[in-house]
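Close look at the chain arrangement
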Amino acid sequence: MVQQQMTQDKKYPLLLGIESSCDDTSAAVVRGCELLSNVIASQAVHSAYGGVVPEMASRAHQQNIVPVVSEALKRAGVSVHDLDGIAFTAGPGLLGSLLVGVNFTKGLHLALGTPLISVNHLRAHVLAHFIYEPGEEHQSPEFPFLCLLVSGGNSQIIKVNSPYDMEVVGQTIDDAAGEAFDKCAKVMGLGYPGGPVVNKLANEGNPLRFQFSKPQIKGLDYSFSGLKTSFLYTLRDELKENPNFIEENKADLCASLQKTVIDILMGKLLKATKQYQINRVAVAGGVSANTGLRDAFHDYASRYGWQIFIPKFAYTTDNAAMVAAAGYFSYLAGDFASRDLVPFVRTTLKENL
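In what follows, the accompanying structure is described. (Residues numbered from 1 in each chain as written. Predicted model: local features only at pLDDT ≥ 70, side-chain atom pairs only at ≥ 80, totals over all residues. Heavy atoms only, no water.)

1. Describing unusual backbone geometry
- For the bond running from glycine 91 to proline 92, omega is -5°, close enough to zero to count as cis.
- Assignment of secondary structure puts proline 92 in the loop between β4 (85-91) and α2 (95-112).
- Of note, the bond from phenylalanine 143 into proline 144 is cis; its omega dihedral lies within 30 degrees of zero at -5°.
- Position of proline 144 among the secondary structure elements: in the loop between α3 (121-127) and β6 (145-150). (Helix = DSSP H or I, 4+ residues; strand = E, 2+ residues; numbered from the N terminus.)

2. Some remarks on the nonpolar core
- Counting residues in each nonpolar core, the largest one holds 47 residues, and the members touching the most others are Leu148, Phe224, Leu257, Leu265, Met266, Leu269 and Leu293.
- Taken together, the elements giving at least two residues each to this core come down to β6, α4 (177-187), α5 (194-202), α6 (225-241), α7 (245-276), β9 (280-284) and α8 (291-304).
- Broken down by element, the residue count for this core peaks at 14 residues, all from α7.
- Not counting the four nearest positions on each side in its chain, leucine 148 is found in contact with Gln156, Ile157, Tyr222, Leu265, Leu269, Ala282, Val283, Ala284 and Phe297.
- Residues Val30, Ala87, Leu149 and Tyr328 belong to the second largest nonpolar core, which totals 37 residues. (Core = buried A, V, L, I, M, F, W, Y, C linked by side-chain atoms within 4.5 Å. Buried < 20%, exposed > 50% of the residue type's maximum accessible area, 1.4 Å probe, protein only. Contact = heavy atoms within 4.5 Å.)

3. Describing α7
- Taking 1.5 Å per residue as the helical rise, α7 with its 32 residues ought to reach 46 Å, and the 45 Å between its terminal C-alpha atoms agrees with that figure.
- Along its length, α7 reaches its greatest deviation from straightness, about 55°, at alanine 251.
- Counting buried residues along α7, 23 of its 32 residues qualify, which places the element largely inside the surrounding structure. (Expected span 1.5 Å × (residues − 1). Bend = angle between axes of the 7 residues up to and from the residue.)

4. Section: the packing of aromatic side chains
- Using the criterion set out here, one finds 13 aromatic pairs in the structure.
- Both rings, one in phenylalanine 212 and one in phenylalanine 231, keep their centres 5.2 Å apart while their planes meet at 55°; by these two values the pair is tilted. Placement of phenylalanine 212 in the loop between α5 and α6 and of phenylalanine 231 in helix α6 is noted, with a sequence separation of 19 residues between them.
- Residue phenylalanine 231 is classed as buried on the basis of its relative accessible area, which comes to 0%.
- Ring plane angle 45° and centroid distance 5.4 Å describe the contact between tyrosine 300 and tryptophan 306, whose orientation is recorded as tilted. The two residues tyrosine 300 and tryptophan 306 agree in class, both being buried.
- Here the aromatic cluster, defined as three or more aromatic residues joined through ring pairs, consists of Phe130, Phe143, Phe145, Tyr328 and Phe329.
- Stacked on the ring of tyrosine 233, the Lys or Arg arginine 236 has its end atom at 4.5 Å from the ring centre.
- Across the ring face of tyrosine 300, the terminal group of arginine 303 is positioned such that the distance to the ring centre comes to 4.8 Å. (Phe/Tyr/Trp six-rings, centres within 6.5 Å; stacked < 30°, edge-to-face > 60°. Lys NZ or Arg CZ within 6 Å of the ring centre and 35° of its normal.)

5. Looking at the sheet that holds β6
- Taken together, five strands build an open sheet; the order of strands is β8-β7-β6-β9-β10 and the sheet is mixed. The open sheet is flanked by β8 (165-171) and β10 (307-309), the only strands paired with a single partner. Looking at each pair of strands side by side, their axes are set apart by 25° on average, direction ignored.
- Across six bridges, β6 lies against strand β7 (residues 155-162) in antiparallel orientation. Note on β7: the bridge partner recorded for phenylalanine 145 is valine 160. (Pairing = 2+ DSSP bridges. Axes fitted to C-alpha atoms, helices over the stretch in contact; angles between N-to-C directions.)

6. Some details on the sheet that holds strand β3 (residues 34-41)
- Strand order in the open sheet formed by five strands is β3-β2-β1-β4-β5, with mixed pairing between adjacent strands. The outermost strands of the open sheet, each flanked by one partner alone, are β3 and β5 (116-120). Going from strand to strand, the sheet's axes swing by 20° on average, the running direction of each strand aside.
- Bridging between strand β1 (residues 14-19) and β4 involves four bridges; their strand directions are parallel. Counted as the bridge partner of leucine 16 is isoleucine 86 from β4.
- Packed onto the sheet, helix α1 (residues 54-76) meets β1, β2 (25-31) and β3 and runs at close to 25° relative to β2.
- Lying over the sheet, helix α9 (residues 320-332) contacts β1, β2, β3, β4 and β5, oriented at roughly 130° with respect to β1.

7. Structural notes on the packing of α7 against α8
- The interhelical angle for the contact between α7 and α8, taken along N-to-C directions, is 40°, at an axis separation of 10 Å. Taken together, the axes of α7 and α8 lie oblique to each other. As α7 packs across α8, the resulting crossing turns out to be right-handed. Mapping the contact onto sequence places Gln258, Ile262, Leu265, Met266, Gly267, Leu269 and Leu270 in α7 and Gly292, Leu293, Ala296, Phe297, Tyr300 and Tyr304 in α8.
- For the contact of α7 with α8, the residue count by class is 10 nonpolar, three polar and no charged. (Parallel < 35°, antiparallel > 145°, perpendicular 65-115°, else oblique. Left-handed = near helix turned anticlockwise from the far one by under 90°. Nonpolar A, V, L, I, M, F, W, Y, C, P; charged D, E, K, R; others polar.)

8. Section: the state of the cysteines
- One pass over the structure, following the stated rule, counts zero disulfides.
- Cysteine 33 takes part in no disulfide bond, and the closest cysteine sulfur to it belongs to cysteine 147, at a distance of 15 Å.
- We note that cysteine 254 lacks a disulfide partner, and the nearest cysteine sulfur, in cysteine 184, lies 9.3 Å from it.
- Of the residues examined, cysteine 254 reaches a relative accessible area of 0% and is grouped as buried. (Disulfide = S-S within 2.5 Å.)

Structure follows, in structure tokens:
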């Protein structure tokens, strides 16, 4: 359906969203699902360590959160006193990072009396598909739809029955897709985060040059540990013969790795569409920025008659816009959080989100 354009009418709640689950500090303002501002402060310091350092991340959040929230309100042209609610990421994520966002939100709540809205980070990624910008004619997926959620920490197929009812029907039993990209990139010396570098080099390489393992897992679950091991063994064996193997074949290695990951993801997603007889298919999470995966969605849409929904690049990585959008649906349901709420690091993914 084409979403109706929301105006500044007060019947749509004005919400502030706050995201601090990992290494991006973000704040956004929405009226309904209409995005008025979205500000993100990233932490480049982690690249030198090959991954996110939790203690450094939480300290950076403490430095960033006040100016980020202030800038989001300024860009939206609103005051904290105009807010109808504050949505925040309660988890899953890094505990130290989450505590910064949660405690800052509680402080605002105590000062303003504005309702608190707790948001599951994974659910927010799915509901990013309902964000739109002023004056934009935007098409959101009708319910039910299937969503492939792929990131550095998660690889799941979710059956989205409503904004309040999401069922995880398939998930990784070991590594996530984004984690496989990052780990394989690390052994090639490509730095962190590795996913974007692999994607860039893959566009220059031959995806059929190397063959890597595709684990055969029953049902709709994923496994990427076998692929990672196969990739490492290929490098080990080839480096014995040619010490310059990685440097000379970097683009082809990335292209072949990316193709294998995408084949695994899309194979199970196709199986899910047939099992549930649903042809409305969305993708979300950091790996949804991968151009090869986006191309695969268009290819499968053409071959199998899918109606696909691919988020803007700005809504693929962690951002407060998706948190605020998820908060909007919770606001409609009257689902508000207690000030006694504590953040959670993990979630039982087999339960509904």
